[in-house]
Amino acid sequence: MLNSTTYKFYVNGEWKESQTGQTIEIKSPYLHETIGKVQAITKEEVDNAISSAQEAQKQWADIPLQQRASYLYKWAEELVNMQYEIAEIIMKEVGKSFKDAKNEVIRTADFIRYTVEEALHMHGQSMKGDSFPGGSKSKIAIIERVPLGVVLAIPPFNYPVNLAAAKLAPALISGNAVIFKPATQGAISGIKMIEAFHKAGFPKGLINVVTGRGSVIGDYLVEHKGIDMISFTGGTNTGTHLAKKAGMIPLVLELGGKDPAIVREDADLENAVQQIVSGAFSYSGQRCTAIKRILVNENVADEMIGLLKAEIEKLTVGSPAEDNTIVPLIDDSSADFVQSLIDDAIEKGATVVTGNKREQNLIYPTLLDQVTEDMRIAWEEPFGPALPVIRVSSDEEAIHIANASEFGLQASIFTKDINKAFSIANKLETGSVQINGKTERGPDHFPFIGIKGSGMGAQGIHKSIESMTREKVTVLNLTD
Ligand code: G3H
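Quantities reported herein were computed from a predicted structural model and do not represent experimental measurements. (Residues numbered from 1 in each chain as written. Predicted model: local features only at pLDDT ≥ 70, side-chain atom pairs only at ≥ 80, totals over all residues. Heavy atoms only, no water.)

Draft legend 1. How the structure looks around the site of the ligand. The immediate surroundings of the ligand are formed by Arg107, Asn158, Tyr159, Leu163, Glu254, Arg287, Cys288, Thr289, Glu440, Arg441 and Phe448. For the ligand, an oxygen atom lies 3.0 Å from a polar atom in the side chain of Arg107. One of the backbone nitrogen or oxygen atoms of Arg441 is found 2.8 Å away from an oxygen atom of the ligand. Its free accessible area being 300 Å², the ligand has 96% of it covered by the protein chains. In terms of residue class, the shell around the ligand is built from 4 nonpolar, 2 polar and 5 charged. (Near = heavy atom within 4 Å. Polar contact = N/O pair within 3.5 Å; in protein donor to acceptor, adjacent residues only side chain to side chain. Areas by Shrake-Rupley, 256 points an atom, 1.4 Å probe, with all protein chains shown as cover. Nonpolar A, V, L, I, M, F, W, Y, C, P; charged D, E, K, R; others polar.)

Draft legend 2. Just the layout of surface pockets, in detail. Empty space within the largest pocket amounts to approximately 1,300 Å³. Lining the largest pocket we find 50 residues, and of these Phe157, Phe232, Gly234, Gly235 and Thr238 sit closest to its centre. Looking at the lining of the largest pocket, the elements that each hand over two or more residues are helix 7 (214-223), strand 11 (229-233), helix 8 (236-246) and helix 11 (332-347). Here the lining of the largest pocket takes 6 residues from helix 7, the largest share from any one element. Built from parts of two domains, the lining of the largest pocket gets at least three residues from each of domain 1 (5-255 + 455-473) and domain 2 (259-449). (1 Å grid on protein atoms, 1.4 Å probe; cavity = no way out; pocket = protein on both sides within 12 Å on 5 of 7 lines; lining within 4 Å. Points joined across faces, edges and corners; volume = space filled by probe spheres on them. Helix = DSSP H or I, 4+ residues; strand = E, 2+ residues; numbered from the N terminus. Domains from an automatic or database assignment.)

Draft legend 3. Summary view of empty space enclosed by the protein. Scanning the entire structure with this criterion turns up 5 cavities of 30 Å³ or more. The space that makes up the largest cavity amounts to roughly 80 Å³. Residue lining of the largest cavity: Phe111, Leu163, Ala166, Arg441, Asp444, Phe446, Phe448, Gln459, Gly460 and Ser464, and that is the complete set. Among the residues making up the lining of the largest cavity, the classes are represented as 5 nonpolar, 3 polar and 2 charged. Here the lining of the largest cavity spans two domains, since at least three of its residues come from each of domain 1 (5-255 + 455-473) and domain 2 (259-449). As a volume, the second largest cavity reaches approximately 60 Å³. Lining the second largest cavity we find 15 residues, and of these Pro260, Arg293, Ala402, Phe407 and Thr430 sit closest to its centre. Looking at the lining of the second largest cavity, the elements that each hand over two or more residues are strand 13 (259-263), helix 12 (395-403), strand 20 (407-408) and strand 21 (410-414). Split into classes, the residues belonging to the lining of the second largest cavity amount to 6 nonpolar, 5 polar and 4 charged.

Draft legend 4. Structural view of the domain arrangement of the protein chain. Domain boundaries assigned for the protein chain yield domain 1 (5-255 + 455-473) and domain 2 (259-449). Carbon and sulfur atoms supply 58% of the area that domain 1 and domain 2 bury against each other, a total of about 2,200 Å² over both sides. The tally of links between domain 1 and domain 2 comes to 1 salt bridge. Note that Arg107 and Asp444 form a salt bridge whose closest N and O atoms lie 2.7 Å from each other. Secondary-structure elements contributing two or more residues to the side of domain 1 that touches domain 2 are helix 3 (83-94), helix 4 (98-120), helix 5 (162-173), strand 26 (458-459) and helix 14 (461-467). Broken down by element, the residue count for the side of domain 1 that touches domain 2 peaks at 5 residues, all from helix 4. Residue composition of the side of domain 1 that touches domain 2, grouped by class: 13 nonpolar, 10 polar and 6 charged. (Buried area = accessible area lost by both parts, 1.4 Å probe. Salt bridge = Lys/Arg side-chain N within 4 Å of Asp/Glu carboxyl O.)

Draft legend 5. Representation of the environment of Gly455 within the structure. Tracing the backbone through its elements, the reader meets Gly455 in strand 25 (residues 455-456). Separated by 198 residues in sequence, Gly455 and Gly257 have C-alpha atoms that sit 9.3 Å apart. Excluding its chain neighbours within four sequence positions, the residues that come into contact with Gly455 are Leu253, Leu255 and Gly450. (Contact = heavy atoms within 4.5 Å.)

Draft legend 6. Region of the structure containing the environment of Val327. Its place among the elements puts Val327 in the loop between helix 10 (298-312) and helix 11. Separated by 18 residues in the primary sequence, Val327 and Ala345 place their C-alpha atoms 23 Å from one another. In this structure Val327 touches Gly95, Tyr283, Ser284, Gly318, Ser319, Pro320 and Leu362, once residues within four positions along its chain are discounted.

Draft legend 7. Spotlight on the nonpolar core. Leu72, Trp75, Leu172, Ile179, Met193 and Ile207 are the most contacted members of the largest nonpolar core, which totals 89 residues. Broken down by element, the residue count for this core peaks at 9 residues, all from helix 5. Split by domain, this core shows at least three residues from each of two domains, domain 1 (5-255 + 455-473) and domain 2 (259-449). Counting residues in hydrophobic clusters, the runner-up holds 28 residues, among them Val263, Val296, Ile305 and Leu387. (Core = buried A, V, L, I, M, F, W, Y, C linked by side-chain atoms within 4.5 Å. Buried < 20%, exposed > 50% of the residue type's maximum accessible area, 1.4 Å probe, protein only.)

Structure below.
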């Protein structure tokens, strides 16, 4: 049995235990033991957290931007100081390899610093009235961006630190306060990140961490009148539910994906295979942007599958503590789901090129060939290491199958013909298209957009700052 700490929640700059005395156990996906407990807080405790945020936000929005910037820089510094401690918690809690967990912390510090610099260089606008017919020069509009108030930030388990900060940093630098509801599996990592925040000495109440059962505080938070904006990353079903509950407040949703890799006959197959294997299998495919289907031209399919098999069989499998690429999935039910997609495809005639081996929640990297449109894995998102190959006879067929998905996050096109790449990219219904590269969110200042079932609104540093502010127009009427 590991040393199991009970973590407190964070409100108005203080660490507290819930008045219920109830906690939620967090089990490690690979140690299969409880690694800590978090507070199961009540609705009343949520009310207090939101009141603290509202109070803190008023003064925070008033202080000079340079001062807000210096606190955020300090937070980035404290994260770097705590990188090993936080990485170890991420590894134990969500089963990410230690190397990737440490990279996540460093990426987060970089993200915070870039967010500050972006905000420091964003400016308002002014307009004169006389450019409109009949308008007067004496009317001048000053257009500035102002904070929204209290932002509810809900990140997913797979980037418990980075995707939390991707919401917290833009919110704070632009003058908002935050209610941070971590994913339950990921809550300890989120709390550790807030320990770094606490060390940075921010004014009290700017970030309040609420942990608890979704069934008790989930909808309550989303429907709360004190929340002015929601930024959520997670599954499409939860995102859709949240959008229905939230009512008329600004929302940014980053949801699931079924990113295709379209491989044309003229592709550099070696490069395509390297990119696809890394894109599909890092962190066992538990990424919204993982490549989740290959649409390959039938004339190069056999050659490509041979290369893929060799590359996939080189992937290391096992404990995240040994920096393996393929690690146990977040829980047993996630592994059951991936296995059900594999089994369904095999029953309907898909062939196993490699993989289809399972030890509890560890699924070996699996490549399925001869996948057809009647199989669930052609459409559903495994969020695990199972990759289907659909053979196509033309670009048109690839585009048709790519667009028939309910999702629209990203797509990759592999080809040496740049004109064809652009013409296919123009027809794809996704937020981004990668030419000759894997699908991925970063670099983090690029706009990151999901359409259809993959979300609404945009992230990426500049876009996130915009989404957490609104334009405010003040009109000056000169009298002479
Ligand atoms: O899981 C969703 C993340 O936004 C993916 O980010 O492409 O950097 O792994 P990533």
